[in-house]
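What the coordinates show
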Amino acid sequence: MSTVDLFLPCAGGCPPFLATEVQRLCAVPDHALTLGRAGVGLRGDWDTVLRLNLHSRIAQRVLLRLWEGPYRSEDDLYAAAAEIAWEDWFTPRHTLKVEVTAQRSPLRSLHFAGLRIKDAVCDRLRARRGARPSVDTAQPDVRVYAHLSADTLTLSLDTSGEPLFKRGWRIDKGDAPLKETLAAAMIAATGWTGIDADGAPVPLFDPCCGSGTLVIEAAQIALGLAPGRQRHFAFERLLPHDPARWAAVREQARSGERQWPKDAPPVAYGSDVSFRMVDFARRNAERAGVGAAVEFRGGDALQRLPPSPRPGVLLLNPPYGERIEAAGVVGGLGADVFYERLAAHWKTHFGGWTAWVLTPDRELPRRLRLQASRRVPLFNGPIECRLLRFDLQPRNGKTAQNDET
C-alpha cells in the first residue's frame, strides 16, 4: 500500500506531546507533521498505522483521511462520499456506522448529514459489490468519521475501533476515572521516563491514585509495554489487513519489553484514602502486567510520607467538586482547607521532590501556597486544565524518611 494521510485526534493542549511521541515511534521529521488544535496530522504507510495504534499513549484514535474539500449542502456530502473507493476497504458483509462532528457548520441537522453520507457509502458498495452493508450503531465493524467546518468536509476511516484510552486492563474503576490518554499526556508533560540522565531510577508517586491509572501508565512506560498490547483494533477487519505484518509488529513490541527485577523497589507508587480503590488499583496493575513494578497502599494524602528514600515526582489529579468529600480527614471542610494542608504536608515531608498538579481551578495555586515554576496547558473536554509544577525544596537540607507503614 502507498502512503496514506493520517490524523490522530487528542485532547486539546496535548498535540505537542503527541507530536513528540509520533516522532519517537515512527521517525517522522518535524516538517512532515501538522499540529492542529486537537490533533496531529502526518503521512505514513500501513506499518505506521499499525505502530501508532499499538504504541500511541496520547492519541484518541488513528484516522485515515480519505477526502477533504468544500461543501455547501447535504448533496455535496453525498457526492463527496460517493467518490471514495469504499470497496477497497470493506465489503457489504461489514456493519457500518457514520459519526458526524461539526464546528460552525451551516447545515441544520447533523443527523441528516450523517444519513446522506451513509447513503452514499451504501449506494457505492451496492453498485460495486452488489449489496449494501448493514448499519450497527453499537458495535460496528467500520466507523466513518465526517467533520464539518464552516465550509470544509473531511471524511475519514477509523482504524482503531474502540478509543485508544481503552487499553484492556482497567476493569475495576471508580466514579470519575482519569482517561489513560490524559494520564499519559500528564506524564509526558513532566518529562518522567523512570530514569534520570545518569540512568538512575526516579520514583513516581500519586497520593490520590483512585483505580491506579497514572501509576499503571507510568509503570508501563518504564517497562516498555505497548499500551495496545491487550486489545484488538478496527484495522484487523479492513481488507488491507495483513495478519503476518501485524504479528511481526506485535512481536517487535514484545521484544522491547522488560521484566521488573524481583529484588528492585517499585518504580511507581500510589495511595488512596479509599481502600476499595486501592484494591481496584492492585487488580488493574496485575492485568496490565506491571504488578511487580508498582506499590499501592491505603491512606490519607495528608498523612502519607514519601514512599521512596530517593526523591522523585509527585503527580496528582486532585479531588475537587464533590470528590473533595472523599479526600480524607479534612475532606468535609472543603477544598481550601484540603489544599492548604496538602501544601504544608508536602513542604514538610517531600523536600527534593517535584510536584505536578492537574487543575481546572484558577485559584488552586494560591490555595496550595506554593510557587508554581511551570504551567503546562492541558484540556479535558470543555474544562480548561493546567498542569502546575512545584519544586519542593528540602528544609535545612534534609528530606524526610520514607513511609514504612
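The preceding data block contains the structure.
Structural notes, computed from the coordinates. (Residues numbered from 1 in each chain as written. Predicted model: local features only at pLDDT ≥ 70, side-chain atom pairs only at ≥ 80, totals over all residues. Heavy atoms only, no water.)

1. A word on the overall build of the chain
Helices and strands together make up the secondary structure of the chain, namely 10 helices and 14 strands. Here the C-alpha atoms of the chain give a radius of gyration of 23 Å, agreeing with the 22 Å that 2.2 N^0.38 yields for 405 residues. Taken over the C-alpha atoms alone, the chain extends approximately 75 × 45 × 40 Å along its principal axes. Residues counted as buried form 53% of the 405 residues belonging to the chain. (Helix = DSSP H or I, 4+ residues; strand = E, 2+ residues; numbered from the N terminus. Rg over C-alpha atoms; globule rule 2.2 N^0.38 Å. Buried < 20%, exposed > 50% of the residue type's maximum accessible area, 1.4 Å probe, protein only.)

2. Examining the sheet that holds strand 4 (residues 63-70)
What the 7 strands build is an open sheet, ordered 2-3-1-4-7-6-5; its pairing is mixed. Looking at the sheet topology across the chains shown, the edges are occupied by strand 2 (34-36) and strand 5 (96-102). Here the strands of the sheet are splayed against their neighbours by 30° on average, with no regard to which way each runs. Bridge analysis of strand 6 (residues 142-148) against strand 7 (residues 152-158) gives 5 bridges, and the strand direction is antiparallel. (Pairing = 2+ DSSP bridges. Axes fitted to C-alpha atoms, helices over the stretch in contact; angles between N-to-C directions.)

3. A word on unusual backbone geometry
Although it is not a glycine, Ala27 adopts a positive phi angle of roughly 55°. As for its placement among the helices and strands, Ala27 is situated in the loop between helix 1 (15-26) and strand 2. What makes Ala27 exposed here is its relative accessible area of 67%. Phi at Arg104 takes a positive value of approximately 60°, unusual for a residue other than glycine. The exposed category is assigned to Arg104, whose relative accessible area is 65%.

4. A few points about helix 3 (residues 74-83)
For helix 3, every residue scored as buried is listed here: Glu74, Leu77, Ala80 and Ala81. Along helix 3, the residues classed as buried sweep out an arc of 115° about the axis, all on the same side. Summarising the contacts, the buried residues of helix 3 are in contact with strand 4, helix 4 (110-129), strand 6 and strand 7. (Arc of directions from axis to C-beta. Contact = heavy atoms within 4.5 Å.)

5. So, empty space enclosed by the protein
Evaluation of the coordinates by the stated rule reveals 2 cavities of 30 Å³ or more. For the largest cavity, the calculated volume is near 70 Å³. If you trace the largest cavity, you find 10 residues lining it, with Phe205, Glu295, Arg297, Arg304 and Pro307 closest to the centre. No other element matches strand 9 (residues 268-272), which puts 3 residues into the lining of the largest cavity. Class assignment for the residues of the lining of the largest cavity results in 4 nonpolar, 2 polar and 4 charged. (1 Å grid on protein atoms, 1.4 Å probe; cavity = no way out; pocket = protein on both sides within 12 Å on 5 of 7 lines; lining within 4 Å. Points joined across faces, edges and corners; volume = space filled by probe spheres on them. Nonpolar A, V, L, I, M, F, W, Y, C, P; charged D, E, K, R; others polar.)

6. Remarks on the layout of surface pockets
The computed volume of the largest pocket comes to approximately 1,100 Å³. Lining of the largest pocket is provided by 37 residues; of these, Phe7, Pro9, Ala38, Thr101 and His147 occupy positions nearest its centre. Partitioning the lining of the largest pocket into residue classes produces 14 nonpolar, 16 polar and 7 charged.

7. Quick look at helix 4
Spanning 20 residues, helix 4 covers 28 Å between terminal C-alpha atoms, matching the ideal 28 Å at 1.5 Å per step. Within helix 4, the full set of buried residues consists of Ala113, Gly114, Arg116, Ile117, Lys118, Ala120, Val121, Cys122, Arg124 and Leu125. Next to the buried residues of helix 4 lie helix 3, strand 5, strand 6 and strand 7. Two or three places before His111, at the start of helix 4, stands the capping residue Ser109, its side-chain oxygen 3.4 Å from that residue's backbone nitrogen. Just past helix 4, the residue Gly130 takes up positive phi, approximately 85°. (Expected span 1.5 Å × (residues − 1). Polar contact = N/O pair within 3.5 Å; in protein donor to acceptor, adjacent residues only side chain to side chain.)

8. Brief notes about the state of the cysteines
On inspection of all chains with the given rule, the structure shows 0 disulfides. Here Cys208 stays unpaired: no disulfide links it, and the sulfur of Cys209, its closest cysteine neighbor, is 8.2 Å away. (Disulfide = S-S within 2.5 Å.)

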